[in-house]
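Spelled out, the chains give:
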Amino acid sequence: MIIIGINDNHDASACLIKDGVIVDLIQEERLRRKKNLGSFPRESLQYILKKNNINPKDIDQVCVANIKLAHMNFWNVASDFKTSDWYKLQEKFHYEKIFHKKKVKIKDVFPNYKPKIKLSYSLKGIPFISSDDATKKNHEDIVERRIKTICNFLKVDKKKITFYDHHNCHAFYGFYSSPNSHRGKLTAVVTADGGGDGLYNSVSYFKKGKFKSISRSRNNWIAKIYESVTLILGMNPFRHCYKVMGLAPYSDTKKYGHISKFFQSCMKVKGVDFLLSKKMTDQFFFFKENLRQYRFDNIAGGLQDFVEKILSKWFYNISKKFNTNFFVFSGGVAHNVKANKFLSEQKFIKKLWIPPGPGDESLSVGAIYCYLYDKLGYRKCLKYIKPIQNAYLGMSITKEDLSNFTTNSLVKKNFKNINDKNFKNSAKLLKNGEILFVCMGRQEFGPRSLGHRSIICDPSNVGLVKKINSTIKMRDFWMPFTPSILDTYEKKYLKKNSKLNINYMTSCVDPTELGKKFLKAAMHPSDFTVRPQIVRHKDSNLYYKLIREFSKISGVGAVLNTSLNMHEFPVVAKPLDIVNELIKKNSDINFNILIDNQLFVKKNYRSR
C-alpha cells in the first residue's frame, strides 16, 4: 500500500509510507524557510511525489491529522506571531472577554494581520476569528477547503481522504514507532500538549489485540501554564518554552520551592485526569499577578519542578490503573527533556519511549498509523508497521544542490574546496578548535539536529560555546549545547539508564566523571546534565566516520552538536540555505563547511 499522510496544522508535514515503512517524512518549514509553518504542505508533497515517481492512481489512501483546524492556525499565527503579538492577544482580546465581558473580535485586535508568507490554502471566505467565535458552518467551510485542495493537488477521489483525531494521531505515532521492547506488552500511551481537536491530553493502552482509550481531557493545563509563564517571562509562548526549561536549573529548591507549591495548588492529579483550582480565572493573568514578585530564574525553576512532579504523579496513577510499567509519551509536552529524565528515574517505570519529533510535526505519520490500525487491526499492524530505525527521513543532497553551492560567488570568495573522503581534514579542524557546519546525507526529522544538518565542534573546548552563541546562533547565554556520542563511548561518558532510548535527543541523562571532563562544553552549565545522541554506524555511517576520525586524533569520542540554522530560522535543508541564511548574515566567517565529503575551508584559516 502507498499511503500519504498530511499534517496541515502548524508544523505542517507530509509523509509517505509504503508497505509499512516510512519512505519520506518532510517538514514544510524546511522547504519554505518559515519556522513552524502551517497550512497545506504543498512543497513537501511535491518533493515526495517527484522523488518516488508517484502517480495519482498509485495512491491508496490519504490520511489527514486533525478533524478540526482552529481558524487562527489556518491563518498561520503560530508561525507569524511575535512575543508582542501574543501579549496583545492576551491584553486586548482575552482580558476584555474574561474580565470585562466584552464581545471582542480577533479582527478588531489585529485589523491589519496578514500571513507573512503565501499559504497553500486559500484564505478567501475563511474568517480570521477565534475558536470561541467559530460556528459549525465556519468549521465545515474549512473542512471543505481542505478536502478540495487535497483532491485538486493529489488528483484523488475524496473517498480516499480520511481525517483523524489529533490525540489519536499522537498516540498511534508514539506506539507504532516504538522499538520491539514495547511491542506485545501492555503499554500505557500518554499524550499531552497545548491542544488539538478540543483536548489537551489522552490516556490509552494497547493490549490483547486492541487500542483502548481510557481518558481524554481538557483539564490538563500543563502545556497552557508553561506557555503562559513563557510569555510572562518575555518570550514567545509558542516556540520558546524550551528556553524556560533551560533556565530552570539556574535556580534551586530553596528559592523555587514555594513557587512550585503554588503551581501545585492550582492543578492536581485526580486518578488519570486532573482537577483545576476554581481560583484560576484564566491561563495567563492569574499567573502574571501571582508571580510578579518573583525572580525570572526562580519562576522557571518552580514551574519545571511542578511539571516534573505532576507528570510523575499522573504516570504513577496510570501505572497502577493499567498494572503496567511500559510507557509511551507523545505530544508537545514530551519535548520537555528534563521532565522525561525525571520520569525515567521513577521506580514504577521500566521502559519509557519518547519518539523522535513527538510534537505536531509527526501527526502526518500518526494519521497513517490510525488508518492502518482501522484497516488491519492491532496484531497485523505490529507486523506490518516497522519500528523507526533512525530519524534520517528527509531530503538528500543532490549533485545539483552541491553544484549550486560550490559555484556560488560567496562560497568561492570565502572558502577553499577540499575533497575529504575519509574526514581526516575535517577531524583536524575540529581538533584545532574550529567550528564545522555539517550538511550530509538525508535530513533528520524533528526539531533536533542529529548530525546531518548540524554545527559541531570539540565538546571539551568551553571557549567555543561563546563563539557559536555570539557570532552564529545568537542564542540565549544560559542555553546548553548537546553532544553526539559514538556508541563505543556511551558507557564511558554516560551513566546507565536502560529505561530510555537516547538516540534522538529526547531526554536528558547524567554524565560520568569522564563524561563531565570531555563533554563540558556540551552539557548544561548548572545541573551538568546532557541531552545526548548516540551515533551508530548502521544509522549514519558518514557522521559516525567523522566523529571516529576526530576521536582518533583527540581521544574524545563525541562532538558538540547544535542545529544548523540561525536563531528563529528553520534548520537548513539544502546547502544553498547556508549561503542565504548563514554566510550572508555573518560578516566574520569563523566556520568551515562540510557537504557530504566535500570540505570548504575558510580562506583565512591557518593550521595550528
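In what follows, the structure referred to is the one given above.
Residues numbered from 1 in each chain as written. Predicted model: local features only at pLDDT ≥ 70, side-chain atom pairs only at ≥ 80, totals over all residues. Heavy atoms only, no water.

Undergrad: Help me get a handle on empty space enclosed by the protein, residues and values and all.
TA: Taken as a whole and judged by the stated rule, the model has 3 cavities of 30 Å³ or more. Roughly 90 Å³ of internal volume is contained in the largest cavity. If you trace the largest cavity, you find 13 residues lining it, with Tyr 392, Asn 503, Gln 533, Ile 534 and Asp 539 closest to the centre. A per-class count over the lining of the largest cavity returns 6 nonpolar, 5 polar and 2 charged. Looking at the second largest cavity, its volume works out to about 60 Å³. (1 Å grid on protein atoms, 1.4 Å probe; cavity = no way out; pocket = protein on both sides within 12 Å on 5 of 7 lines; lining within 4 Å. Points joined across faces, edges and corners; volume = space filled by probe spheres on them. Nonpolar A, V, L, I, M, F, W, Y, C, P; charged D, E, K, R; others polar.)

Undergrad: Quick one: what's the story with the packing of helix 9 (residues 222–232) against helix 13 (residues 296–322), residue by residue and with numbers?
TA: The N-to-C vectors of helix 9 and helix 13 enclose an angle of 175°; their axes lie 11 Å apart at closest approach. By the angle between their axes, helix 9 is roughly antiparallel relative to helix 13. Along the contact surface, helix 9 presents Ile 222, Ile 225, Tyr 226 and Val 229, while helix 13 presents Ile 299, Leu 303, Gln 304, Phe 306, Val 307, Ile 310 and Leu 311. (Axes fitted to C-alpha atoms, helices over the stretch in contact; angles between N-to-C directions. Helix = DSSP H or I, 4+ residues; strand = E, 2+ residues; numbered from the N terminus. Parallel < 35°, antiparallel > 145°, perpendicular 65-115°, else oblique. Contact = heavy atoms within 4.5 Å.)

Undergrad: Describe the packing of aromatic side chains, naming the residues involved and giving the relevant values.
TA: Inspection of every chain in the model, using the stated rule, returns 46 aromatic pairs. Consider the rings of Phe 437 and Phe 591, whose centres lie 4.1 Å apart with planes at 10°: the pair is stacked. Here the residue Phe 437 occupies a position in strand 14 (residues 435–439), and Phe 591 occupies one in strand 19 (residues 591–595), the gap between them amounting to 154 residues. This pair shows no difference in class: Phe 437 is buried, exactly as Phe 591 is. Pairing Tyr 489 with Tyr 493 gives two aromatic rings, centres 5.4 Å apart and planes at 40°, and the pair type is tilted. Here Tyr 489 and Tyr 493 have matching classes, each one buried. One aromatic cluster is present, formed by Phe 172, Phe 175, Tyr 176, Phe 206, Phe 211, Tyr 369, Tyr 373 and Tyr 378 through successive ring pairs. (Phe/Tyr/Trp six-rings, centres within 6.5 Å; stacked < 30°, edge-to-face > 60°. Buried < 20%, exposed > 50% of the residue type's maximum accessible area, 1.4 Å probe, protein only.)

Undergrad: Requested: an account of the pairing of strand 6 (residues 187–196), with residues and values cited.
TA: Counting buried positions along strand 6 yields 8 of 10 residues, so the element is predominantly enclosed. Note: strand 6 against strand 7 (residues 199–207), 7 bridges, orientation antiparallel. Following the sheet pairing, Val 189 is matched in strand 7 by Ser 204. The hairpin turn running from strand 6 into strand 7, its antiparallel successor, is 2 residues long, and Asp 197 in that turn takes a positive phi close to 50°. Across 5 bridges, strand 6 lies against strand 11 (residues 326–330) in parallel orientation. Its bridge partner lying in strand 11, Val 189 is registered against Val 328. (Pairing = 2+ DSSP bridges.)

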